Amino acid sequence: SSDLNVLSSIDYMTKGSITINGKQLEKLSNKQLSDIRKKDIGFIFQDYNILNTLTVKENIMLPLSVQKLDKQIMHERYQRIVEALNISDISDKYPSELSGGQRQRVALARALVVRPKLLILDEPTSALDRTTQKAMIKLLRQLQQTEQLSYIFISHDLNIVKALCHKVMVLRHAKVVEYQETELLFSKPNSEYTKQLIKASF
């Protein structure tokens, strides 16, 4: 019952709506929401545990098997994405055999293989060294153009946010402090909290 009370409290405090391609998610049925999650939204997490004990190829193919696509289409999509991310030579390896950068590319391939319209990335570079971070950001920028993707990029690293994002929302204690285009936010921040963050980061 304590869990239910917590959930009720959270629901009570939550307001607003989320719209993707003109569809308000909170108004959809569970099946409609599930279909959108499978086809239109991809996720990249900080934690590599999403890559289970399957091989690289099996990990990337898994979301396609859920969509029940034709085998030829699945194979073509797989080949295209591993070649784009330069990981075709590690298809038979397991996640435990890969470097951090390779694992994150596999996670990216797994998310992109279903051709989502929106990619949500939660601290995807925090566990990577600076050189690998730069390579990953460069790759994300390229994919943004070639795949016509929209990103929601969650990060504490303002250098990466500045390099990748078009607009920035600053949160403090789960509340929106500021929301601006990236260039304006870094050149003329409105809130004192944002000013402190920028000062501490640069």
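Criteria and cut-off values
Residues numbered from 1 in each chain as written. Predicted model: local features only at pLDDT ≥ 70, side-chain atom pairs only at ≥ 80, totals over all residues. Heavy atoms only, no water. pLDDT = per-residue confidence, 0-100. Helix = DSSP H or I, 4+ residues; strand = E, 2+ residues; numbered from the N terminus. Contact = heavy atoms within 4.5 Å. Axes fitted to C-alpha atoms, helices over the stretch in contact; angles between N-to-C directions. Parallel < 35°, antiparallel > 145°, perpendicular 65-115°, else oblique. Left-handed = near helix turned anticlockwise from the far one by under 90°. Nonpolar A, V, L, I, M, F, W, Y, C, P; charged D, E, K, R; others polar.

Caption draft 1: Just the confidence of the model for the protein chain, in detail. Predicted confidence across the protein chain gives a mean pLDDT of 85, with 91% of residues reaching 70 or more. Of all helices and strands in the protein chain, the one with the weakest mean pLDDT is helix α1 (residues 2–13) (45), whereas helix α8 (residues 182–187) scores best (96). Contacts of residues 1–10 to residues separated by more than four positions or lying in other chains number 0 contacts, the stretch itself having pLDDT below 50.

Caption draft 2: Focus on the packing of helix α3 (residues 56–67) against helix α5 (residues 100–112). In contact at an axis separation of 7 Å, α3 and α5 are set at 25° when each is read in the N-to-C sense. Our classification of the angle between α3 and α5 gives roughly parallel. Crossing geometry of α3 relative to α5 is assigned as right-handed. In contact with Val56, Asn59, Ile60, Leu62 and Pro63 of α3, α5 contributes Val106, Ala109 and Arg110.

Caption draft 3: Main features of the packing of α5 against helix α6 (residues 130–146). Running from amino to carboxyl end, α5 crosses α6 at an angle of 20°, the nearest separation of the two axes being 10 Å. Relative to α6, the element α5 lies roughly parallel. As for the relative orientation of α5 and α6, their crossing is right-handed in sense. In this structure, α5 uses Gly101, Gln104, Arg105, Leu108 and Leu112 to contact α6, whose residues at the interface are Thr132, Met136, Leu139, Leu140 and Leu143. Considering only residue class, the contact of α5 with α6 consists of 6 nonpolar, 3 polar and 1 charged.

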